[in-house]
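What follows is the residue order along each chain.
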Amino acid sequence: MLQRPFALPFRGELTAPGDGGYDQRRGLYNGLIDKRPALIAHCTATADVVAALAYGREAGLPIAIRGGGHNGGGLGSCDDGLVIDLSGMKGVRVDPRARTARVAAGCLQGEVDHATHVYGLAVPSGIFSTTGISGLTLGGGTGHLSRAFGLTLDNLLEADVVLADGRIVTASEDREPDLFWALRGGGGNFGIVTSFLFRAHPVSTVFGGPVFWDIAHAGAVLRRYRDRLPAAPEALGLFFGIKTVPPVDMFPEHTRGRRVCVLIACYNGPEDEARLALAPFRRGLPDPLIDATGPIPFPSLQAMFDPLLPPGLHWYWKGDFFEALSDEVIDIHLAHAARIPTNYSLMHLYPIDGAVQRVPPRATAWSRRHARWSMVIAGIDTERENAEAITRWAKDYWADLHPHSDGGGYVNFLMGDEGADRVAATYGENYDRLRRVKAVYDPQNLFRINQNIPPAVTH
Ligand SMILES: Cc1cc2nc3c(=O)[nH]c(=O)nc-3n(C[C@H](O)[C@H](O)[C@H](O)COP(=O)(O)OP(=O)(O)OC[C@H]3O[C@@H](n4cnc5c(N)ncnc54)[C@H](O)[C@@H]3O)c2cc1C
């Protein structure tokens, strides 16, 4: 029954259980999540999305929307339902005069960086080139350029959207403004975005890369980072991490396998300015194990860590936002750093001050504008049998920190099991408005394979 042609013209590919390529098409970045959709509609254009959606709606199937497939909870797929897979919808058109980039929904970050770099431009996005631009944007988008230019969603100017009833609309500040507001943080709750128009910024070769210290110095490095970041120029993106030096050629042999803390820099400006900006983060601290900073094309920095975390690893992650990092919080980090369960597991603290904080909390659905740091704890490993160990570590670590956080999470760093209260806490003061917008654009909650915002009950 599922293999019959769609009622509307469809030029993509349909893949169902038993078809060649099914396992490859259904595979997700997070190897911990194993979902078996009834049908995967691999779309080539908006018309395919409309056809697939009409079919799923009529057949009463659960409908998942897949961009880059990077979601931690595997929310780009579903069991026994229809996956509307946008990953074949590629294409980036840069307008260098207007400094904009029109991006098709199936693009990965690296494809956007590649296309914009030749014009000396970049769209602010995350720190891995393999992440899908779609899920990243609709949930937030924190990365190296956040302090300077805001979240990815702060740079969204317009989106083409297929709504639950099959209509195609363009959302912007002037057209469908409520929808445009909700898309900027509300994830895949409001429709299927087929194309994004972004503001791009002058970014070309930056000064960046990682500086690693032995984990014994993590307290000192983190305190220095906390104290100096607020006064650092916004051209400096600098995030802190706790991890293990991977056993790969890119790192000196004597450092491989060492537990470390790291500062990862991206200065959008000349090298001498970058060195000045970074000096306060180094002065008086012990010598690092590795200093791999230097001038680097922005797309290369974005892709630097891709080989270290290939698709298919098992992930369990939890996140929170912090306005401040007290000494007590730093001690909690150190205690859990000492218990890292596997060499892949990590904790990252991304700065989201500067341009992110200048956007009023109610201006977009993404409300965590008072926070200074976005934290993610990721238990990661190659082996499924370590799933319990990585999950327990991430949950225990998070449970100790959460009382010190600002209460809400980041939809792009939630698994699928965090519950409705956590989603409501994440949206905070914007939650009720989101529910009202949902009632207008998706009253039947057709788009519910996500961090779901239930439609407000209207009378
Ligand atoms: C290795 C790694 C690094 C990461 N780094 C960062 C980072 O630096 N900064 C950051 O902010 N986040 C980061 N993330 C988190 C990332 O933003 C989320 O995982 C995001 O959901 C990925 O988007 P995707 O399109 O790849 O995901 P998918 O799994 O395809 O989709 C995720 C969600 O978005 C919805 N969705 C996807 N496309 C559309 C669309 N076109 N229209 C409507 N709804 C859609 C889906 O329904 C689903 O709920 C990272 C994730 C990984 C695994």
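The structure this text deals with has already been given above.
Since we're looking at a predicted model, the values are computed, not measured.

(A) View of the pattern of salt bridges. Tallying each qualifying case throughout the model produces 25 salt bridges. The salt bridge partner of R184 is E173, with a shortest N-O separation of 3.5 Å. Taken together, the positions of R184 in the loop between α6 (177-183) and β10 (192-199) and E173 in the loop between β9 (168-172) and α6 put the pair eleven residues apart, joining distant regions of the chain. Judged by relative accessible area, which is 7%, R184 ranks as buried. Classification of E173 by relative accessible area gives exposed; the value is 54%. R392 is paired through a salt bridge with E388; the nearest N and O atoms lie 3.3 Å apart. With a gap of four residues between them, R392 and E388 both fall in helix α12 (residues 387-401), about one helical turn apart. Residue classification places R392 among the partly exposed positions, given a relative accessible area of 45%. Sharing partners across several salt bridges, the network here consists of K318, D320, E418 and R422.

(B) Representation of the packing of aromatic side chains. Scanning all chains against the criterion turns up 17 aromatic pairs. Ring centres 5.6 Å apart and planes at 10° place the aromatic pair F196 and F198 in the stacked group. Across this residue pair, the class does not change: F196 and F198 are buried. Arranged with centres 5.4 Å apart and planes meeting at 55°, the rings of W317 and F413 form a pair that is tilted. Of this pair, W317 sits in strand β17 (residues 314-322) while F413 sits in the loop between α12 and α13 (420-427); the two residues are 96 residues apart in sequence, bridging distant segments of the chain. Members of the aromatic cluster, connected to one another through ring pairs, are Y29, F239, W315, W317, F321, Y350, W366, Y410 and F413. The ring of F305 carries K243 above its face, with NZ or CZ at 5.8 Å from the centroid. For R433, the ring lying beneath its charged end belongs to W181, and the centroid distance is 3.9 Å.

(C) Here's a closer look at the site of the ligand. Near the ligand, the surroundings consist of 34 residues, among which G67, G69, I127, T142 and Y410 are the closest. The separation between a nitrogen atom of the ligand and a polar main-chain atom of T142 is 2.7 Å. Side-chain polar atom of Y410 to an oxygen atom of the ligand: 2.5 Å apart, as the coordinates give it. About the coverage of the ligand: the protein hides 97% of its 950 Å² of free accessible area. With respect to the detected pockets, the ligand is housed in the largest cavity. Elements with a contribution of two residues or more to the shell around the ligand: β3 (63-66), α4 (133-139), β10 and β17. Considering each element in turn, the shell around the ligand owes the most residues, four residues, to α4.

(D) Broad picture of helix α2 (residues 46-59). For α2, with 14 residues, the first-to-last C-alpha span of 20 Å sits near the 20 Å given by 1.5 Å per residue. Listing the buried residues of α2 in full gives D48, V49, V50, A51, A52, L53, A54, Y55 and G56. In this fold, the buried residues of α2 make contact with β2 (39-42), β3, β4 (82-85), β8 (156-162), β9 and β10.

(E) Up close: helix α7 (residues 218-228). Regarding α7, the residues found buried are A218, G219, V221, L222, R224, Y225 and R226. In the core, the buried residues of α7 are packed alongside β12 (205-214), β13 (236-244), β14 (259-267), α10 (327-337), β18 (346-351) and β19 (373-381).

(F) Structural detail: the sheet that holds strand β5 (residues 92-95). Taken together, the five strands give an open sheet; going across it, the order is β5-β6-β10-β8-β9, and neighbouring strands pair in antiparallel fashion. Both edges of this open sheet fall to β5 and β9, since each of them pairs with a single strand only. Ignoring strand direction, the axes of neighbouring strands in this sheet form an average angle of 15°. Lying on the sheet, helix α3 (residues 109-117) is in contact with β5 and β6 (100-104); it crosses β5 at an angle near 35°.

Rules and cut-offs
Residues numbered from 1 in each chain as written. Predicted model: local features only at pLDDT ≥ 70, side-chain atom pairs only at ≥ 80, totals over all residues. Heavy atoms only, no water. Salt bridge = Lys/Arg side-chain N within 4 Å of Asp/Glu carboxyl O. Helix = DSSP H or I, 4+ residues; strand = E, 2+ residues; numbered from the N terminus. Buried < 20%, exposed > 50% of the residue type's maximum accessible area, 1.4 Å probe, protein only. Phe/Tyr/Trp six-rings, centres within 6.5 Å; stacked < 30°, edge-to-face > 60°. Lys NZ or Arg CZ within 6 Å of the ring centre and 35° of its normal. Near = heavy atom within 4 Å. Polar contact = N/O pair within 3.5 Å; in protein donor to acceptor, adjacent residues only side chain to side chain. Areas by Shrake-Rupley, 256 points an atom, 1.4 Å probe, with all protein chains shown as cover. 1 Å grid on protein atoms, 1.4 Å probe; cavity = no way out; pocket = protein on both sides within 12 Å on 5 of 7 lines; lining within 4 Å. Sits in = over half its atoms within 2 Å of the grid points. Expected span 1.5 Å × (residues − 1). Contact = heavy atoms within 4.5 Å. Pairing = 2+ DSSP bridges. Axes fitted to C-alpha atoms, helices over the stretch in contact; angles between N-to-C directions.

These results come straight from atomic positions and should not be treated as a statement about function.
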